[in-house]
Amino acid sequence: MKAIELIGPGRVEVVEKDRPEPGEGEVLVRIKACAICTLERRLFTGEQAISYPIVFGHEVSGVVEKMGKGVLSDFQPGDPVVLDLLNRCGECLYCRTGRSNQCSNKFNPGLPILGGMAQFVARPAREVFAIDPEVGFLRASLTEPLSDCVHSLMRTHLSPEMKVLMIGAGTMGLLHLAIVKHYGMFCAVSDVNESKLAKASRFGADCVINAAKDDPVEAVQRAGFDAASIAIVTAPGKEAVEEAFRLIGTLGTIVLYSANPKGVKIELDPNFIHYKEITITGSEGRTEKDFHQAVSLQNSRGLMLEQLISGVFVLDEAQRALEVSLDPSLYRIIVAMDESAITEFETIGGA
Ligand SMILES: [Zn+2]
Ligand SMILES: [Zn+2]
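Residues numbered from 1 in each chain as written. Chains lettered and ligands numbered in written order. Predicted model: local features only at pLDDT ≥ 70, side-chain atom pairs only at ≥ 80, totals over all residues.

Colleague: Even after reading the chapter, I still don't get the overall build of the protein, so can you show me in this structure?
Modeller: Tallying secondary structure elements over the protein gives 12 helices and 16 strands in all. With the C-alpha coordinates of the protein rotated into their principal frame, the extents come out at 60 × 45 × 40 Å. Residues classed as buried in the protein amount to 45% of the 351 residues present. For the protein, the proportion of contacts with a sequence separation of at least 24, taken over those separated by at least 6, is 70%. (Helix = DSSP H or I, 4+ residues; strand = E, 2+ residues; numbered from the N terminus. Buried ≥ 20, exposed ≤ 12 C-beta atoms within 10 Å, placed from the backbone. Contact = placed C-beta atoms within 7 Å.)

Colleague: Whenever I open this one, the UniProt feature "domain: Alcohol dehydrogenase-like N-terminal" (unreviewed entry) in the protein confuses me. Can you help?
Modeller: Summarizing the sequence annotation, UniProt attributes the feature "domain: Alcohol dehydrogenase-like N-terminal" (unreviewed entry) to residues 23-131 in the numbering used throughout. Between the C-alpha atoms that bound residues 23-131 the distance is 23 Å, and the span itself is 11% helix and 30% strand. (UniProt positions renumbered as here; feature names shortened; annotations may be inferred.)

Colleague: Can you walk me through unusual backbone geometry in this structure?
Modeller: In terms of backbone geometry, most residues other than glycine have negative phi values and most peptide bonds are trans. The amide bond that connects Tyr52 to the next residue, Pro53, takes the cis arrangement and shows omega of -10°. Turning to its location among the elements, Pro53 is positioned in the loop between α1 (38-45) and β4 (54-55). Although it is not a glycine, Glu277 sits at a positive phi angle of roughly 55°. Relative to the elements of secondary structure, Glu277 occurs in the loop between α9 (270-276) and β14 (279-282). Judged by the 10 C-beta atoms lying within 10 Å of it, Glu277 falls in the exposed class. For Arg301, which is not glycine, the phi dihedral falls at a positive 60°. Turning to its location among the elements, Arg301 is positioned in the loop between α10 (288-300) and β15 (309-314).

Colleague: Please clarify how the environment of Met172 should be interpreted in this entry.
Modeller: Its place among the elements puts Met172 in helix α5 (residues 171-182). Placed 117 residues apart in sequence, Met172 and Val55 show a C-alpha to C-alpha distance of 24 Å. Excluding its chain neighbours within four sequence positions, the residues that come into contact with Met172 are Pro145, Cys149, Thr234 and Tyr257.

Colleague: Is there a simple way to explain the UniProt feature "domain: Alcohol dehydrogenase-like C-terminal" (unreviewed entry) in the protein in this structure?
Modeller: Taken from the UniProt record, the annotation "domain: Alcohol dehydrogenase-like C-terminal" (unreviewed entry) applies to residues 172-297. The span residues 172-297 shows a helical share of 43% and a strand share of 23%, and its end C-alpha atoms are spaced 16 Å apart.

Colleague: Whenever I open this one, the domain arrangement of the protein confuses me. Can you help?
Modeller: One frequent convention defines the size of an interface as the accessible area lost when the parts assemble. When cut into domains, the protein gives domain 1 (2-147 + 286-348) and domain 2 (156-282). Facing the 12 residues of domain 1 at the interface are nine residues of domain 2. Of the residues assigned to the side of domain 1 that touches domain 2, the class counts are eight nonpolar, three polar and one charged. (Domains from an automatic or database assignment. Nonpolar A, V, L, I, M, F, W, Y, C, P; charged D, E, K, R; others polar.)

Colleague: Just to check I follow, could you spell out helix α8 (residues 238-247) for this structure?
Modeller: Each turn of an α-helix holds 3.6 residues, which means side chains three or four residues apart point in the same direction. Where α8 is concerned, the buried positions are Ala240, Val241, Glu243, Ala244 and Leu247. Along the axis of α8, the buried residues cluster in a sector spanning 155°; they form a single face. Tucked inside the fold, the buried residues of α8 contact β9 (163-167), β10 (186-191), α7 (216-222), β12 (228-233) and β13 (248-256). (Arc of directions from axis to C-beta.)

Colleague: Just checking my understanding: could you explain the sheet that holds strand β1 (residues 2-8) for this structure?
Modeller: Backbone hydrogen bonds are what pair the strands of a sheet, in a parallel or an antiparallel way. Strand order in the open sheet formed by three strands is β2-β1-β4, with antiparallel pairing between adjacent strands. With partners counted over all chains shown, the strands left at the sheet margins are β2 (11-16) and β4, one partner each. Pairing geometry for β1 and β2, over six bridges, is antiparallel. Paired with Lys2 across the bridge in β2 is Glu16. (Pairing = 2+ DSSP bridges.)

Colleague: Sorry if this is basic, but what is going on with α5 here?
Modeller: With 12 residues, α5 ought to run about 16 Å at 1.5 Å a step, and its terminal C-alpha atoms sit 16 Å apart, in line with that. Of the residues making up α5, those classed as buried are Thr171, Met172, Gly173, Leu174, Leu175, His176, Leu177, Ala178, Ile179 and Val180. With its phi angle positive at about 80°, Gly184 sits one or two positions after the end of α5. (Expected span 1.5 Å × (residues − 1).)

Colleague: Help me understand the nonpolar core, please; the structure alone is not making it clear to me.
Modeller: A general trend in soluble globular proteins is that nonpolar side chains are found buried together. Judged by nonpolar contacts, the single largest core of 100 residues is most densely connected at Val29, Val164, Leu177, Ala231, Val233, Ile334 and Val335. For Ile334, the residues in contact, after removing those within four places along its chain, are Ala33, Cys34, Ala35, Leu138, Ser141, Ile309 and Val312. (Core = buried A, V, L, I, M, F, W, Y, C linked by C-beta atoms within 7 Å.)

Colleague: Before we go on, may I ask you to explain the sheet that holds β14 in this structure?
Modeller: The sheet built from six strands is open, its strands ordered β11-β10-β9-β12-β13-β14 with parallel pairing. This sheet does not close on itself; its edge strands, each paired only once, are β11 (207-210) and β14. Neighbouring strand axes in the sheet, compared pairwise and without regard to direction, differ in orientation by 20° on average. Here five bridges tie β9 to β10, and the two strands are oriented parallel to one another. Opposite Met166, over in β10, you have Val189 as the bridge partner. (Axes fitted to C-alpha atoms, helices over the stretch in contact; angles between N-to-C directions.)

Colleague: Even after reading the chapter, I still don't get the environment of Val71, so can you show me in this structure?
Modeller: Looking at where Val71 falls in the secondary structure, it is placed in the loop between β5 (59-67) and β6 (80-83). Accessibility expressed as a C-beta count within 10 Å gives 19 for Val71, which makes it partly exposed. Separated by 109 residues in sequence, Val71 and Val180 have C-alpha atoms that sit 35 Å apart. Setting aside residues up to four positions removed in sequence, Val71 forms contacts with Gly25, Val27 and Ala125.

Colleague: Where do I start with the packing of helix α4 (residues 143-154) against α5 in this structure?
Modeller: Between two packed helices, the angle of one axis relative to the other and the distance separating the axes together describe the packing. Relative to each other, α4 and α5 sit at 65°, their axes nearing to 9 Å. In terms of orientation, α4 and α5 fall into the roughly perpendicular class. When you trace α4 past α5, the crossing you get is right-handed. On α5, the residues touching Pro145, Leu146, Cys149, Val150, Ser152 and Leu153 of α4 are Thr171, Met172, Leu175, His176 and Ile179. Here the contact of α4 with α5 is built from residues that sort into eight nonpolar, three polar and no charged. (Parallel < 35°, antiparallel > 145°, perpendicular 65-115°, else oblique. Left-handed = near helix turned anticlockwise from the far one by under 90°.)

This is how it looks when you write it as structure tokens:
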């Protein structure tokens, strides 16, 4: 099979590898599409270290090719699936208490990591989720980032009357927006980039705020609310976090979704948190339950996720795909593992 190996900062190579065989309890998946996430971009630029060479990629859709012995799920060859490529030991405190996104052993040496940019991958059946064929392989490849947003929203006490403020209109901000609007809640989106805000409007935002030009407090008041019940910070930087603190209301929850460059510090007024009963939380990864819920959201087919796909490249153009994906004005770039995903892009359209 062909696979895309990261061989050093800024360089990937298409290599030939042995096709894996599914072991006991594993499913062999023929991969159709793998979207390029922030993690792959950081590994590609060298901003995040990893030992080379490595087959990276983790936002994956495909079809069941074959099952190993002992698979209990009712999979048939050809079934469309998405993969939750995350090691969970099942034995640590976090796994045992339903918080497997924090599994203490997920990065233990010797365990498989990533591996989505290949024509085949064999993984335990519990990481393989059947998905409605109507979703299509391109939109389906966005199930993993969608599940991270489900996890983030589940860190709050989401309720229909609440007003949500999304800071950042990149892929993760708009995936959060898609879920919030699916739940029928009010959602304002803030960014400093006009074209991203225009996209947020088309994607269903009730109000957009250009944080570089507008006074955010006045902007939300014009939109008919005084303060946010939930603020999700999907953009890095001190200013984004400070904006969340400015706009959060009594009993509100702030989710720090985005990672920040080292050294970013914020000043907090403990009395504001005390008197207003503000909750501040982070969000990291997803549990199996979050992934399952993301699949259900995808199957409901109301999310318009094709709007978050900026381009699709064939496997042999992987180097170019990675280079293009670094353009911050773009949404997801997807590597198609076979030609069918390219045809699909022409059918569903994209960003
Ligand atoms: Zn991802
Ligand atoms: Zn664990």
